[in-house]
Amino acid sequence: QKEVEQNSGPLSVPEGAIASLNCTYSDRGSQSFFWYRQYSGKSPELIMFIYSNGDKEDGRFTAQLNKASQYVSLLIRDSQPSDSATYLCAVIPVNTDKLIFGTGTRLQVFP
Amino acid sequence: DVKVTQSSRYLVKRTGEKVFLECVQDMDHENMFWYRQDPGLGLRLIYFSYDVKMKEKGDIPEGYSVSREKKERFSLILESASTNQTSMYLCASSFVGASLSDEQFFGPGTRLTVL
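Below: a short report on this structure. (Residues numbered from 1 in each chain as written. Chains lettered and ligands numbered in written order. Predicted model: local features only at pLDDT ≥ 70, side-chain atom pairs only at ≥ 80, totals over all residues. Heavy atoms only, no water.)

## Considerations on the state of the cysteines
Residues and elements named next belong to chain A.
- This structure, assessed with the given rule, holds 2 disulfides over all chains.
- Here Cys23 engages in a disulfide with Cys89; their sulfurs sit 2.1 Å apart. Measuring the twist about the S-S bond at about -75°, one finds the Cys23-Cys89 disulfide to be left-handed. Of this pair, Cys23 sits in strand β3 (residues 19-25) while Cys89 sits in strand β9 (residues 85-92), and the two are 66 residues apart along the sequence. Both residues of the pair, Cys23 and Cys89, count as buried. (Disulfide = S-S within 2.5 Å. Helix = DSSP H or I, 4+ residues; strand = E, 2+ residues; numbered from the N terminus. Buried < 20%, exposed > 50% of the residue type's maximum accessible area, 1.4 Å probe, protein only.)

So, in structure tokens, the structure goes:
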């Protein structure tokens, strides 16, 4: 079982819709959870982090964490074509400073 | 703004050559990391360093070594390059603080091709 799992996609949504990106992780003791966005040919950039159960909102982005289900998601409201990218879920397991990345989900927002 | 720079964006080397990839960060970060990124495999950690002259193996250290002689610089060395080391190499750095949100800042990446 992979430590961090994501559906590779592509996830295609129309402009203005809500895009929902999902991630599961295997280490129950994990403390910190991150969503990175990576445009084609570019390096990853942090969008959001979350470490408490529940929702965390930042503009059009909402991260949701459910530690009991070992599940973290990213919602993008009012999706724009400029949101088209690969979204990487990353987790810091317990007792380490290492980020463990998922393989990413490719999002396509069409006009 | 945090800036992480890498010595080359594109590099072509021959099998058996010794390859040096350099990474420099300008924010006095303690932690520095080297990853490689391959399609379908995501980002995989090669080595990381908590401090000058400190290094720790990541998930795939075989065939690589690192050097950290100064806090701002972290070098990745391929002692004898092989074709299976053709990949995108990403350097990152982070600050070790009290917060759990220790964001890693990434450099632009080096696309290495080994012929």
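Once the structure has been displayed, the description carries forward.
## With respect to unusual backbone geometry
- Note that the residue after A:Gly9, namely A:Pro10, is joined by a cis bond; omega there is 10°.
- Along the polypeptide, A:Pro10 turns up in the loop between β1 (4-5) and β2 (11-14).
- The backbone of A:Asp78 shows a phi angle near 50°, a positive value even though the residue is not glycine.
- Relative to the helices and strands, A:Asp78 resides in the loop between β8 (71-76) and β9.
- Even without being a glycine, B:Lys53 presents a positive backbone phi close to 65°.

## Brief notes about the packing of aromatic side chains
- Following the criterion strictly, the structure yields 11 aromatic pairs over all chains and no others.
- Taking the centre distance of 5.7 Å and the plane angle of 40° together, the rings of B:Tyr35 and B:Phe106 count as tilted. Taken together, the residues B:Tyr35 in strand β4 (residues 31-38) and B:Phe106 in strand β10 (residues 105-106) connect sequence positions 71 residues apart.
- Given the relative accessible area of 0%, B:Tyr35 is considered buried.
- By way of ring pairs, the aromatic residues A:Tyr36, A:Phe101, B:Phe33, B:Tyr35, B:Phe48, B:Tyr50 and B:Phe106 are connected into one cluster.
- Against the face of A:Phe49 rests A:Lys56, its NZ or CZ located 3.4 Å from the ring centre.
- Taking the ring centre of A:Phe61 as reference, the NZ or CZ of A:Arg60 above it sits at 5.5 Å. (Phe/Tyr/Trp six-rings, centres within 6.5 Å; stacked < 30°, edge-to-face > 60°. Lys NZ or Arg CZ within 6 Å of the ring centre and 35° of its normal.)

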